[in-house]
Amino acid sequence: MKEIKLLALAFFSIAFLSFTPTKKEYIIIDAGHGGNDLGASFNGISEKEIVLNIAKQIKEINQSQEKYEVLLTRNDDEYTTLRNRTDKINELNPAMVISLHINRTNEKETTKQGPEIFIQDNESSKKIAEQIIKKFGSCNISKGNLHILKESKSPTVLVELGYINNQKDRDYLSSKNGQKEIAQKFVDIFNEN
């Protein structure tokens, strides 16, 4: 009888421990712009909407992932100052920060296309950028003198996902399939860390 009680206790302990929540590290996705700040726009298509849609999908797809919890700097079409964003980032001390944006040149249509990544002046930021390139393909990496890169104390990259005034990029970035594909690529990166 004593052995049965001990065995039952052992099974209960194993079952209980397997359901004990583990503390996840944070990854922050910063959907650029918002509210009155449209970001880059083209014929009614705005950067602020595209990057928010992608950020929300990253969070949704990532929910089944066990190591990281994705938090967004904005959950809807609201404007949050850069200072407020970086203060919140530094308060949460995430494993990484990815700021999503869309590029635009001065001309109506451009032949420039594809992503561009801006990094902090450190190896952790560079490593994130290299992981992004493996998923998104070759693109330019530059050290950026941008607020989020300068003020975030966590490894941070700013990703320009493509050009809103390039037809191919615009069609891809504004499509539901394109946005879902982009979101999945970021979650794949998280899973590889």
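As the structure is a prediction and not an experimental result, all values here were calculated from the model. (Residues numbered from 1 in each chain as written. Predicted model: local features only at pLDDT ≥ 70, side-chain atom pairs only at ≥ 80, totals over all residues. Heavy atoms only, no water.)

Section: the pattern of salt bridges
Right, so step 1: Per the counting criterion, the structure on display carries eight salt bridges.
Right, so step 2: Of the charged contacts in the structure, one is a salt bridge between Arg170 and Glu109, with a shortest N-O distance of 2.7 Å. Of this pair, Arg170 sits in helix 6 (residues 167–174) while Glu109 sits in the loop between strand 5 (96–103) and strand 6 (116–119), and the two are 61 residues apart along the sequence.
Right, so step 3: Note on Glu109: relative accessible area 36%, which makes it partly exposed.
Right, so step 4: Between Lys135 and Glu192 there is a salt bridge; the shortest N-O distance is 2.8 Å. Residue Lys135 is located in helix 4 (residues 123–136), and its partner Glu192 is located in helix 7 (residues 176–192); the two are separated by 57 residues in the primary sequence.
Right, so step 5: Here Lys135 falls in the partly exposed class, since its relative accessible area comes to 27%.
Right, so step 6: Taken together, the shared-partner salt bridges connect Arg83, Asp87 and Glu151 into one network. (Salt bridge = Lys/Arg side-chain N within 4 Å of Asp/Glu carboxyl O. Helix = DSSP H or I, 4+ residues; strand = E, 2+ residues; numbered from the N terminus. Buried < 20%, exposed > 50% of the residue type's maximum accessible area, 1.4 Å probe, protein only.)

Quick word on the packing of aromatic side chains
Right, so step 1: Overall, the coordinates contain one aromatic pair when judged by the stated rule.
Right, so step 2: An angle of 50° between the planes, with centres 5.1 Å apart, marks the rings of Phe136 and Phe186 as tilted. Of this pair, Phe136 sits in helix 4 while Phe186 sits in helix 7; the two residues are 50 residues apart in sequence, bridging distant segments of the chain. Each member of the pair, Phe136 together with Phe186, is buried.
Right, so step 3: A cation over an aromatic ring shows up here: Arg170 above the ring of Phe42, its NZ or CZ 3.8 Å from the ring centre.
Right, so step 4: Note that Lys185 overlies the ring of Phe136, its terminal NZ or CZ placed 5.1 Å from the centroid. (Phe/Tyr/Trp six-rings, centres within 6.5 Å; stacked < 30°, edge-to-face > 60°. Lys NZ or Arg CZ within 6 Å of the ring centre and 35° of its normal.)

Observations regarding the environment of Lys23
Right, so step 1: Summarising the element assignment, Lys23 is placed in the loop between helix 1 (2–18) and strand 1 (25–31).
Right, so step 2: The class of Lys23 is exposed, set by a relative accessible area of 76%.
Right, so step 3: Distance in space between the C-alpha atoms of Lys23 and Lys67 is 8.2 Å, their sequence separation being 44 residues.

Here we look at the sheet that holds strand 5
Right, so step 1: With mixed pairing, the six strands of this open sheet are ordered in space as 4-1-5-8-6-7. The open sheet has two free edges, formed respectively by strand 4 (68–72) and strand 7 (140–143), since each of these has just one partner strand. Strand-to-strand twist in this sheet, taken as the mean axis angle between neighbours without regard to direction, amounts to 20°.
Right, so step 2: In the sheet, strand 6 pairs with strand 8 (residues 156–163) via four bridges, with the strands oriented antiparallel. Bridge assignment links Glu116 to a residue of strand 8, and that residue is Glu160.
Right, so step 3: Where helix 6 meets the sheet, it contacts strand 5 and strand 8, and its direction lies at approximately 115° from that of strand 8.
Right, so step 4: The strands touched by helix 7 are strand 1, strand 4, strand 5 and strand 8; relative to strand 5, the strand with the most contacts, the crossing angle is about 155°. (Pairing = 2+ DSSP bridges. Axes fitted to C-alpha atoms, helices over the stretch in contact; angles between N-to-C directions. Contact = heavy atoms within 4.5 Å.)

Details of the environment of Asp188
Right, so step 1: Position of Asp188 relative to the elements: it lies in helix 7.
Right, so step 2: For the pair Asp188 and Asn62, spaced 126 residues apart in sequence, the C-alpha to C-alpha distance is 9.0 Å.

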